[in-house]
Every structure is written in structure tokens, then in C-alpha cells.
Amino acid sequence: MKVIRVLAAVLLILALSIFFLVRNIGSGLGAMSVQNGNWVTNVSTGSTDAGIMLKATIAIGGLLASTRENSMYYRLNSVDGQALRLNCRYRVDGNDYDADWWSITAYGWDNFLIPNPQKRYSFNNENILRSPDGSWVIYVAAEEQAANWLPVGPSGAPSWRKRSGHNFDLLLRLYTPGKAYLERPHSAPLPRVILESCS
Amino acid sequence: MKFLKWCLGILLCAYLGQYLLALALPNLVMEVLYHRGGVKQAYNTLYIKPRADEASREVVRPSPDLFYGSCIYNLAEGPLLIEAKVPERYWSMQFYQMNTDNYAGMSNRRDEHYRIGTFVKVTLIGPDSNPEDYSGDVIQSPSQRGIMLLRVSAIGEAAAALTALEQSHCGPA
């Protein structure tokens, strides 16, 4: 009887450990994460200094990420506390940033590129249509939009595996970022994301 | 009272247990990547991946704006020589050990601009080798196994980037 009780306790510990870990990983980039508006980054990503939880989070959601000197990754999965949804339209306003080049990519909740007939997964500093003053606007939506439409839709993985509240997220990559990002990642200029409407 | 003690003990062990699992997870994920990669490509050779799209599901969050070349390495048989042509656009060579750490890397940006147009030659040695026994650019891997990843900008004129990757090489030194 005692053996069964101990075995049950061990199994329960294992199950609860997995539950805590999944919850911890799902909550973001860990204690060292930096918030900049709705965007979140972690300055230790890829680094040998990264903590246990950050390394686990990166292993699941950002494997083979580089250190910040090579590229910085800002992730956005909610706007003003509201998770990104497929039935909403988002407007991303931006300009140029102090980096060698940048890109904004939409990923499904499964961390892979979102299937879409247009095969458009991202915009970067070269292929984006700009206003005469250099600024640009991206519309993120499932429904077709005018210029700079970043289509989103259901992720490729089966929906029963979904654990997160958001349907997709946006990842801003800044390659060889300038000092502002390396030294002040919480206040350096980033694109602004606005929830425009939901159906 | 005894039941309460059991519950508290289980919760405490589970709370601590998540950190043990988190410690093991990066190695586990890299092992899967290492073995799956070994089925798809030979170890210690450069594999150029097709441009990422929705069907690219080997590694999470692939960038559609980059071309990737990977060399899954095992230094048990000795060092590797990695040669890579450096294009004008963004290029980087990053090294990852089996716990996902990006332990070394180089690029052609900022103060490394001088690499553009050159052939980078890196000798990758194992943790027990002596770097002083080798000349040129030497990188010491903290683990016997790992992954080297070449990233080349795919935006704009893609042909030059692809050519640079195709002229790159990873193999025994």
C-alpha cells in the first residue's frame, strides 16, 4: 500500500511539474523580459547568461535565436492586454530603425508561419510600401486589406494543441541593432500597434 | 494533518521539479533536432534549406527573409573546417551548443564589414583540443556536438545570397 502511495505521489509531482513548467513558459520570456509598449524582449536571449526558464522558453518558442548583438527579437501577442485574435484588424505604424535591417513576421500560436494563399509572411525595410516621408503602415488581418497587408489565419497545427490565449503573434527582428536597443531596450523606438476593429 | 503534509510536500517537489525539467528541456529539444537533422542531412556537412514558408516546420519561427545553411556537427573524429563566402548583404555565422547557447558567432556588419567579399575560414575544434595548435580563425565548441547556422539576407537580390551559400562548405579539417 505504501509503495502505491509513493508511486502515485511521484506521478502527481511529475504531472504538476509539467503543468507548472508549461504555465511558466506560456507566460512569456521570463523574469528578465523587458516591456516596450506592447512589445516584449529579453536581453539574454541566446546568451550563455540566460536563466533556466528563459532557455526552456527559447527551446520551445525560439530555438537557435542569436544573441542581441547579432539580432534583437521583440514579440507582441497582445494589444493593451487583449490577445491578438483572427477576427480583429490591427494597424502597425512605423518608420526606420537603428539596425542594419528589420522585419516584422506573423507567426501562428504554434510558432510557425501562418498558411495563406498569398504566401506573405512578413514585411521588411525593403519590400514595404512607404509614404513620401518614409513612414509606413501594415494592416494585419485575415480579410484582404489595401497595401502592406500581412495576412493571418488559422495556424498549421491542430487546434486541440493550442494552449495560448492569442491566435497569432508578431515578431520584430532588428539585425545588428544600434546602441538604443542594446542599452535601452525598454524605451528604444518601435512600431506602434493599434487594434482597429473586430468583427 | 498527515494528508496536508503530503499535499504540501507534493506541491513543493512539483514547484522545484519544474526547474529540473526546464534544465533538461533545451538539451532534449536540441537532441531531437540533432537526430532529426541527421536523418535529413549528413553530419559535418552544410545543408542549404529552401526559403522558409508555412511548410517549414523543423525549427520554430523560421524567418522568410533569410536563407539558412546549417551544419550539424560532431567533433568526435576531429576538427571541422568551415568555409563561407561573405556576400555584401547581411550574413552571419552562429554556433550553438547542445543546450541552445549561441556560444560564438561572426557577421559582416558594423566593425566586421571587412569580411564582405572574402572567404571566411573557421576551424571548429572540440572542448578538449588546444586552440594554439591551430592557425587562423579558431572557434572552440564547449560541447562535442552542436549546430552551426549560416544566415544570409534573402531580401532584395536573392541570387547573390544563394550563390554565397552554395559556395560555402563544412567538412573535416
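None of the values given here were measured: they were computed from a predicted structure. (Residues numbered from 1 in each chain as written. Chains lettered and ligands numbered in written order. Predicted model: local features only at pLDDT ≥ 70, side-chain atom pairs only at ≥ 80, totals over all residues.)

**Here's the deal with the overall build of chain A**
Part 1: A tally of regular secondary structure across chain A gives three helices and twelve strands.
Part 2: C-alpha atoms of chain A, sized along the principal axes, occupy 80 × 40 × 25 Å.
Part 3: In chain A, 68% of the contacts between residues at least 6 apart in sequence involve partners at least 24 apart. (Helix = DSSP H or I, 4+ residues; strand = E, 2+ residues; numbered from the N terminus. Contact = placed C-beta atoms within 7 Å.)

**Details of the UniProt feature "domain: DUF1254" (unreviewed entry) in chain B**
Part 1: As recorded in UniProt, the sites labelled "domain: DUF1254" (unreviewed entry) are residues 44-161 of chain B.
Part 2: Here residues 44-161 of chain B runs as 3% helix and 43% strand, with 22 Å between its end C-alpha atoms. (UniProt positions renumbered as here; feature names shortened; annotations may be inferred.)

**Quick look at helix α2 (residues 52-61) of chain A**
Part 1: By the criterion of burial, α2(A) is predominantly enclosed, with eight of the ten residues buried.
Part 2: All of the buried residues in α2(A) are Met53(A), Leu54(A), Lys55(A), Ala56(A), Thr57(A), Ile58(A), Ala59(A) and Gly61(A). (Buried ≥ 20, exposed ≤ 12 C-beta atoms within 10 Å, placed from the backbone.)

**Structural notes on the UniProt feature "domain: DUF1214" (unreviewed entry) in chain A**
Part 1: Taking the numbering used here, the UniProt-annotated feature "domain: DUF1214" (unreviewed entry) corresponds to residues 75-178 of chain A.
Part 2: When the span residues 75-178 of chain A is considered, its composition is 0% helix and 43% strand, and the gap between its end C-alpha atoms is 18 Å.

**Focus on the nonpolar core**
Part 1: Counting 86 residues, the largest nonpolar core has Ala106(A), Val140(A), Leu172(A), Leu124(B), Met148(B) and Val152(B) as the members making the most contacts within it.
Part 2: Once you skip the residues sitting within four places of it in the chain, Val152(B) turns out to touch Leu66(B), Phe67(B), Pro87(B), Trp91(B), Ala161(B), Ala164(B) and Leu165(B). (Core = buried A, V, L, I, M, F, W, Y, C linked by C-beta atoms within 7 Å.)

**Regarding the interface of chain A and chain B**
Part 1: Taken together, the contacts link 46 residues of chain A with 44 residues of chain B.
Part 2: Of all the elements in the fold, those that place two or more residues in the side of chain A that touches chain B are α1 (2-26), α2, β7 (99-108), β8 (122-124) and β11 (168-177) of chain A.
Part 3: Looking at which element gives the most residues to the side of chain A that touches chain B, the answer is α1(A), with ten residues.

**What to know about the pairing of strand β1 (residues 33-36) of chain A**
Residue and element names in this part refer to chain A.
Part 1: The sheet contact formed by β1 and strand β2 (residues 39-42) spans four bridges and is antiparallel. Directly across from Asn 36, in β2, lies its bridge partner Trp 39.
Part 2: The hairpin turn running from β1 into β2, its antiparallel successor, is two residues long, and Gly 37 in that turn takes a positive phi close to 65°. (Pairing = 2+ DSSP bridges.)

**Brief notes about the sheet that holds strand β5 (residues 102-107) of chain B**
Residue and element names in this part refer to chain B.
Part 1: What the five strands build is an open sheet, ordered β1-β2-β8-β4-β5; its pairing is antiparallel. Edge positions in the sheet fall to β1 (46-48) and β5, since each has one partner strand and no second. Here the average twist between neighbouring strands, direction ignored, is 20°.
Part 2: Taken together, the five bridges between strand β4 (residues 91-97) and β5 define a ladder with antiparallel strand orientation. Residue pairing in the sheet places Met 93 in a bridge with Met 106 of β5.
Part 3: Relative to the sheet, helix α2 (residues 158-166) contacts β1, β2 (66-74), β4 and β8 (145-153), its axis offset from that of β8 by approximately 150°. (Axes fitted to C-alpha atoms, helices over the stretch in contact; angles between N-to-C directions.)

**Considerations on the environment of Asn87(A)**
Part 1: Residue placement: Asn87(A) occurs in the loop between β5 (82-83) and β6 (88-94).
Part 2: Between the C-alpha atom of Asn87(A) and that of Ser197(A), which follows or precedes it by 110 residues, the distance is 8.6 Å.

**Brief notes about the sheet that holds strand β7 (residues 137-140) of chain B**
Residues and elements named next belong to chain B.
Part 1: A sheet is described by the order of its strands in space; here four strands give the open sequence β7-β6-β3-β9, paired in mixed fashion. The sheet is open, and its two borders are formed by β7 and β9 (169-172), each paired with just one other strand. Direction aside, neighbouring strands of the sheet carry axes that sit 25° apart on average.

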